[in-house]
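# Overview (structure and organization)
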Amino acid sequence: MQLDLNLLTVLDALLEEGSVMGAAERLHLSSPAVSRTLGRLRAVTGDDILVRTGHTMVPTPYAVAVREDVHRLVRQARAVLQPARELNLAELDRTFTIQCHDALAASVIPVLAVRLQERAPGVRLRVLAEHSADTDDLRHGRVDVELGGARPQQPEFRAEVLGRDHLEVAMRRGHPATGRLDLRAFAEHPHVLVSRRGRLTAPIDEALAAEGLRRRVIASVATLATALQLAERSNALVTCAAVLGRPLIDAFGLITRPLPAKAEAAEICATWHQRFDSDPAHAWLREQIREALEEIIAGH
């Protein structure tokens, strides 16, 4: 038998109001419409639901027995179809997973984690490293937000540019290029690239080629920390984001010089799946990430 769940709404109103007229006023319907629905309820349940006693109507034993269940079901249905959009941070109990490279993890995550704990103590944060290849983690909900420089191509993903970070060159203290780093000196020294895919070239190589120059890349590594460790132990140069790379640059005791070529500032993007567009908690997380990054950039 196919059930019309709208019958529950009318039944709930009838049992609460105790009359067809009262139920009609509550539901903003006409009395004949509610009366017809009462007839359908009687046919479906095989019970009179409400019976007249003098000038009033009283519920049958069956109606009394199901009153609380009907009210609970209607309330649950409304909660499903009209979800609450206001977020109670004090009661928010959720684990968010963020995937990003180590420079973002070192710079943004400490600020973000403090913000989350101050505002929503029940929130937990999982931070995953980048994969060397693209995965379906965002699509399948295993990752809530990816932070990085790449914008998604598929329409099912959303992306927001949170900021931009200019590039600079990191090197050890006492490096021969400490005093002056022009494009020729930049090309003469060995380089370590940071690439999750293991690439051995970057856009700066085009600028070098335009000047008839070519640099020597001695290694391509997956993390900035590894690249900077190599720079600490050799004359290798590492081109990296200035603000996001600062915690790791300082940790290894390195110095920086401006990149001796015109280069676009690196975008910092947040990417998520469209299923989270209307999720208040996820929207709040994205806001906290944005504000954490703004705080970091403003501090430099």
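Worth saying up front: this structure is predicted, and the values here are computed from it rather than measured. (Residues numbered from 1 in each chain as written. Predicted model: local features only at pLDDT ≥ 70, side-chain atom pairs only at ≥ 80, totals over all residues. Heavy atoms only, no water.)

### Some words on the overall build of the protein
So the rule is basically this: Secondary structure elements are taken from DSSP: a helix is a run of H or I of four residues or more, a strand is a run of E of two residues or more, and numbering for both begins at the N terminus. C-alpha atoms define the radius of gyration in this analysis, and the globule rule sets the expected value at 2.2 Å times the number of residues to the power 0.38. Exposed residues in this analysis have more than 50% of their type's maximum accessible area, buried residues have under 20%, and partly exposed residues fall in between, with area computed by a 1.4 Å probe over protein chains only. Should any heavy atoms of two residues lie within 4.5 Å, those residues are counted as being in contact.
Across its full length, the protein carries ten helices and twelve strands. Taken over C-alpha atoms, the radius of gyration comes to 31 Å for the protein, far larger than the 19 Å a tight globule of 300 residues would show. Overall size of the protein, expressed as C-alpha extent along the three principal axes, is 105 × 35 × 25 Å. Looking at the 300 residues of the protein, the share that counts as buried comes to 39%. Taking the intrachain contacts of the protein between residues at least 6 apart in sequence as the baseline, contacts between residues at least 24 apart amount to 74%.

### Here we look at the pattern of salt bridges
Short version of the rule: Salt bridges are defined as contacts in which a side-chain nitrogen from Lys or Arg sits within 4 Å of a carboxyl oxygen from Asp or Glu.
Applying the stated criterion across every chain yields a total of 18 salt bridges. One salt bridge connects Asp69 with Arg72, and the closest N-O pair in it is separated by 3.3 Å. Of this pair, Asp69 and Arg72 both sit in helix α4 (residues 61–81), three residues apart, which is roughly one turn of that helix. Taking relative accessible area as the criterion, Asp69 reaches 39% and is therefore assigned partly exposed. Note that Asp279 is salt-bridged to Arg94, the shortest N-O span being 2.6 Å.

### Side note on the pairing of strand β8 (residues 190–194)
Counted only if it meets this: With strands facing away from the observer, any crossover in which the path from the first strand over the helix to the second runs clockwise is taken as right-handed.
In terms of burial, β8 is a largely internal element, four of the five residues being buried. For the handedness criterion, the β-α-β arrangement of β8, helix α7 (residues 204–210) and strand β9 (residues 216–221) is classed as right-handed.

### Concerning unusual backbone geometry
Backbone geometry places His28, a non-glycine residue, at a positive phi of 60 degrees. On the secondary structure map, His28 appears in the loop between α2 (20–27) and α3 (31–45).

### Overview of the packing of helix α1 (residues 6–17) against α2
Put simply, the rule is: Here the axes come from fitting lines to C-alpha atoms, over the contacting stretch only for helices, and the angles between their N-to-C directions go from 0 to 180 degrees. Any angle between 65 and 115 degrees counts as roughly perpendicular, while under 35 counts as roughly parallel, over 145 as roughly antiparallel, and the rest as oblique. In this scheme, a crossing is called left-handed if the near helix is turned counterclockwise away from the far one by less than a right angle; it is called right-handed if the turn is clockwise. Asp, Glu, Lys and Arg are counted as charged, while Ala, Val, Leu, Ile, Met, Phe, Trp, Tyr, Cys and Pro are counted as nonpolar; the rest, among them Gly, fall into the polar class.
Running from amino to carboxyl end, α1 crosses α2 at an angle of 125 degrees, the nearest separation of the two axes being 8 Å. Viewed along their axes, α1 and α2 adopt a mutual orientation that is oblique. Seen from above, α1 lies across α2 with right-handed handedness. Across the interface between the two elements, Thr9, Val10, Asp12, Ala13, Leu14, Glu16 and Glu17 from α1 touch Val20, Gly22, Ala23, Arg26 and Leu27 from α2. For the contact of α1 with α2, the class distribution of residues is six nonpolar, two polar and four charged.

That is the geometry; function is a separate question.
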